[in-house]
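Examination of the molecular architecture
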Amino acid sequence: MSAPAGRAHRVLAATAAVVVGTLAVGMAVAAPSSAAAEPTLGELAAAKGRYFGSATDNPTLDNASYTAVLGSEFNQITVGNTQKWMYTEPSRGQFDYTKADQIVAFAQQHDQIVRGHTLVWHNQLPDWVNSVSAGDLPDVMRNHIANVAGHFKGKVVHWDVVNEAFEEDGTRRQSVFQQKIGDSYIAEAFKAARAADPNAKLYYNDYNIEGIGSKSDAVYNLVKSFKQQGVPIDGVGLQAHLILGQVPSTLQRNIQRFADLGVDVAITELDIRMRTPRDATKDAQQAADYRTVTKACLAVTRCVGITVWDFSDGYSWIPSVFPGEGAALIYDEDFARKPSYWAVYEALGGTTTTTTTTTGDNGSGCTATYRVTSQWNGGYQGEVAVRNTGATATARWTVKWTLAQGQTVGNLWNGVATTNGQEVTVRNANYNGAIAPGDTTTFGFLGSWIGTNPVPATITCTSA
Ligand code: 9MR
């Protein structure tokens, strides 16, 4: 049995008749899967007229723990790889949408809108395109766009039409399109995309254009000239592959200046990387950074949504490209929600009745962080994140706290609970005793309370 993941394991209808008067001694049971009292990030964003989404890739769709979160938490999906040229037109005139169609179908099954990514990019471009003659390349590019955007017509809300066309200094990147077609290729690509799917919003998408600087100035001038010339463009995607503690101070101002040109803005590929391993200080900084980005988007009416570049640290591109860095997302490798998740949750207007954490570390190499995730008259749902702060993997762990105000703990999942008077002891279940250094596992429970339900003053974690 693997640790369950996904919203079904942490939600409870506030109206459900939950009477949890006695501790279920020695039991590890499944959490209820009734209707959600606690909103998802997608629902919170929707309430603000936005989306909150994630990129995904085909191999991960086979992992049920992964898809449980992907399918429930987000209301938007970006196809992380398989709409790119190397997948959709691997040889000239031969189109293949098999993989991208799988992701689009997943999104449709889960009521998620899709951002299309990406039609014209120098990367993940099959070799044959580089050998097309300068005379043929405009038609080859237009034909690619007509076919791909035509295939997905009505199924994507946005297209990243052209991706990463500028250098850091604001000059044009010398891609094959730039070299063989010249400056006009971007406008030509947008016109072809409009013709292929008139209802999709057409985006220019790039990295390092989140703050004001040479590169974002170049994109700004491009959008401005397109608007003046009537070239169809609807939005600018700020990828936002950011570094811990380095959210540009001009982010909101930059979003606003693009909006003022009459285009939408989307945060399209958000992740905030750190030197690994994680620790509590870095996690707190990362949470603050995610909060800043989310609030900057919400502050500008035309900032339409945020997409994380996959949602779990186990499925991020960062470690393979930036050795020694990672932990850039809002869920850890085991799909436990990180402080960055809660920062987004709160920035989007979510409230947890009690959002206080108490961390205890008695030197044994683990910490426990306690949180009440929802509370209603007489009942509550709690969650404890157990994190291995030691240098070696744990074999087992034990968490203890005291129910100081007469609360009870009832159904508990991902752990085995016993009680002695007011003291609650939770040991790992048979499948989650092993936690790798730096990793976290989470257990949850339902309880009852009368009067007040404060978080415990102390909680201890021991591991072996
Ligand atoms: O996440 C993508 C990764 O799996 C690919 O190997 C990589 C190839 O360059 O592209 C990644 O996605 C990129 C996106 O398409 C454009 N912006 C930068 C992203 C991270 O490299």
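Everything quoted here is computed from the prediction, not taken from an experiment.

Near the ligand you find 13 residues, and of these Asn81, Lys84, His117, Glu269 and Trp309 are the closest. Within the side chain of Lys84, an N or O atom sits 2.7 Å from an oxygen atom of the ligand. Tallied by class, residues from the shell around the ligand come to 3 nonpolar, 7 polar and 3 charged.

What follows covers the packing of aromatic side chains. All told, the structure shown has 28 aromatic pairs when counted by the stated rule. For the pair Tyr331 and Tyr341, a centre-to-centre distance of 5.5 Å together with 75 degrees between the ring planes defines the contact as edge-to-face. Within this pair, whereas Tyr331 is found in the loop between strand S10 (325-326) and helix H13 (339-347), its partner Tyr341 is found in helix H13, the two being separated by 10 residues in sequence. Each member of the pair Tyr331 and Tyr341 is classed as buried. An aromatic cluster is built from Phe52, Tyr66, Phe74, Phe311, Tyr315, Tyr331, Phe335, Tyr341, Trp342 and Tyr345, whose rings are joined through pairwise contacts. Above the face of the Phe322 ring, Arg273 is positioned so that its terminal group lies 3.8 Å from the ring centre.

For the structure shown, the criterion picks out 16 salt bridges. With a closest N to O distance of 3.3 Å, Glu325 and Arg273 form a salt bridge. In this pair, Glu325 sits in strand S10 while Arg273 sits in strand S8 (residues 264-275), placing the two residues 52 residues apart along the sequence. For Glu325, a relative accessible area of 16% gives the class buried. Overall, the relative accessible area of 10% leaves Arg273 in the buried class. Overlapping salt bridges, with partners in common, bring together Asp139, Arg142, Glu188 and Lys191 in one network.

Turning next to the side chain of Thr408. Along the chain, Thr408 turns up in strand S15 (residues 408-413). Polar contacts involving the side chain of Thr408 include one to the side chain of Ser448, which spans 2.6 Å.

Here we come to the pairing of strand S2 (residues 76-79). Burial of the side chains of S2 extends over both faces: Gln76 and Thr78 are buried on one face and Ile77 and Val79 on the other. Crossover strand S1 (residues 51-56) to S2 through helix H2 (residues 64-73) is right-handed. Judged from the 3 bridges that link them, S2 and strand S3 (residues 113-120) form a sheet pairing that is parallel. Directly across from Ile77, in S3, lies its bridge partner Val114.

Taken together, 4 strands build an open sheet; the order of strands is S16-S17-S14-S19 and the sheet is antiparallel. Two strands close off the open sheet at either side, each with one partner strand: strand S16 (415-420) and strand S19 (459-463). The sheet shows a mean angle of 20 degrees between the axes of neighbouring strands, direction not considered.

So, on to the confidence of the model for the protein. Averaged over every residue, the pLDDT of the protein is 89; residues scoring 70 or more account for 89%. Note that residues 1-36 has pLDDT below 50 and, in this model, 93 contacts with residues that lie over four places away or in other chains.

Let us now look at the packing of helix H9 (residues 214-229) against helix H10 (residues 251-260). Direction vectors running N to C along H9 and H10 enclose 15 degrees, while the axes themselves pass 10 Å from each other. In terms of axis orientation, H9 runs roughly parallel to H10. Note on packing geometry: the crossing formed by H9 with H10 is right-handed. Residues Ser216, Asp217, Val219, Tyr220 and Val223 of H9 pack against Asn254, Arg257 and Phe258 of H10. For the contact of H9 with H10, the residue count by class is 4 nonpolar, 2 polar and 2 charged.

With their axes 9 Å apart at the nearest point, H10 and helix H11 (residues 280-298) run at an angle of 30 degrees to one another. With respect to each other, H10 and H11 are oriented roughly parallel. Considering the relative orientation of H10 and H11, their crossing is right-handed. Along the contact surface, H10 presents Leu251, Gln252 and Ile255, while H11 presents Val293, Ala296 and Cys297. Residues belonging to the contact of H10 with H11 are distributed by class as follows: 5 nonpolar, 1 polar and no charged.

Moving on, we get to helix H4 (residues 98-109). Its 12 residues place the ends of H4 17 Å apart at the C-alpha level, agreeing with the 16 Å of an ideal helix rising 1.5 Å per residue. Those residues of H4 that are buried are in contact with S1, H2, S2 and S3. Positioned one or two residues after H4, Asp111 has a phi angle of 55 degrees, which is positive.

Across all of its chains, the model carries 2 disulfides by this definition. Between the sulfur of Cys297 and that of Cys303 lies a disulfide, 2.1 Å long from S to S. Between Cys297 and Cys303, the S-S torsion sits near -100 degrees, and that sign places the bridge as left-handed. Here the two residues Cys297 and Cys303 agree in accessibility, since each one is buried. Two residues share a disulfide in this structure: Cys366 and Cys461, whose sulfurs sit 2.0 Å from each other. When the S-S torsion is -110 degrees, as for the bridge of Cys366 with Cys461, the disulfide is left-handed. Here the residue Cys366 occupies a position in strand S12 (residues 366-376), and Cys461 occupies one in strand S19, the gap between them amounting to 95 residues. Both residues of the pair, Cys366 and Cys461, count as buried. When the bonded cysteines of the protein are counted from the start of the sequence, the pairing works out to 1-2, 3-4.

What counts and what doesn't
Residues numbered from 1 in each chain as written. Predicted model: local features only at pLDDT ≥ 70, side-chain atom pairs only at ≥ 80, totals over all residues. Heavy atoms only, no water. Near = heavy atom within 4 Å. Polar contact = N/O pair within 3.5 Å; in protein donor to acceptor, adjacent residues only side chain to side chain. Nonpolar A, V, L, I, M, F, W, Y, C, P; charged D, E, K, R; others polar. Phe/Tyr/Trp six-rings, centres within 6.5 Å; stacked < 30°, edge-to-face > 60°. Helix = DSSP H or I, 4+ residues; strand = E, 2+ residues; numbered from the N terminus. Buried < 20%, exposed > 50% of the residue type's maximum accessible area, 1.4 Å probe, protein only. Lys NZ or Arg CZ within 6 Å of the ring centre and 35° of its normal. Salt bridge = Lys/Arg side-chain N within 4 Å of Asp/Glu carboxyl O. Right-handed = clockwise from strand over helix to strand, strands pointing away. Pairing = 2+ DSSP bridges. Axes fitted to C-alpha atoms, helices over the stretch in contact; angles between N-to-C directions. pLDDT = per-residue confidence, 0-100. Contact = heavy atoms within 4.5 Å. Parallel < 35°, antiparallel > 145°, perpendicular 65-115°, else oblique. Left-handed = near helix turned anticlockwise from the far one by under 90°. Expected span 1.5 Å × (residues − 1). Disulfide = S-S within 2.5 Å.

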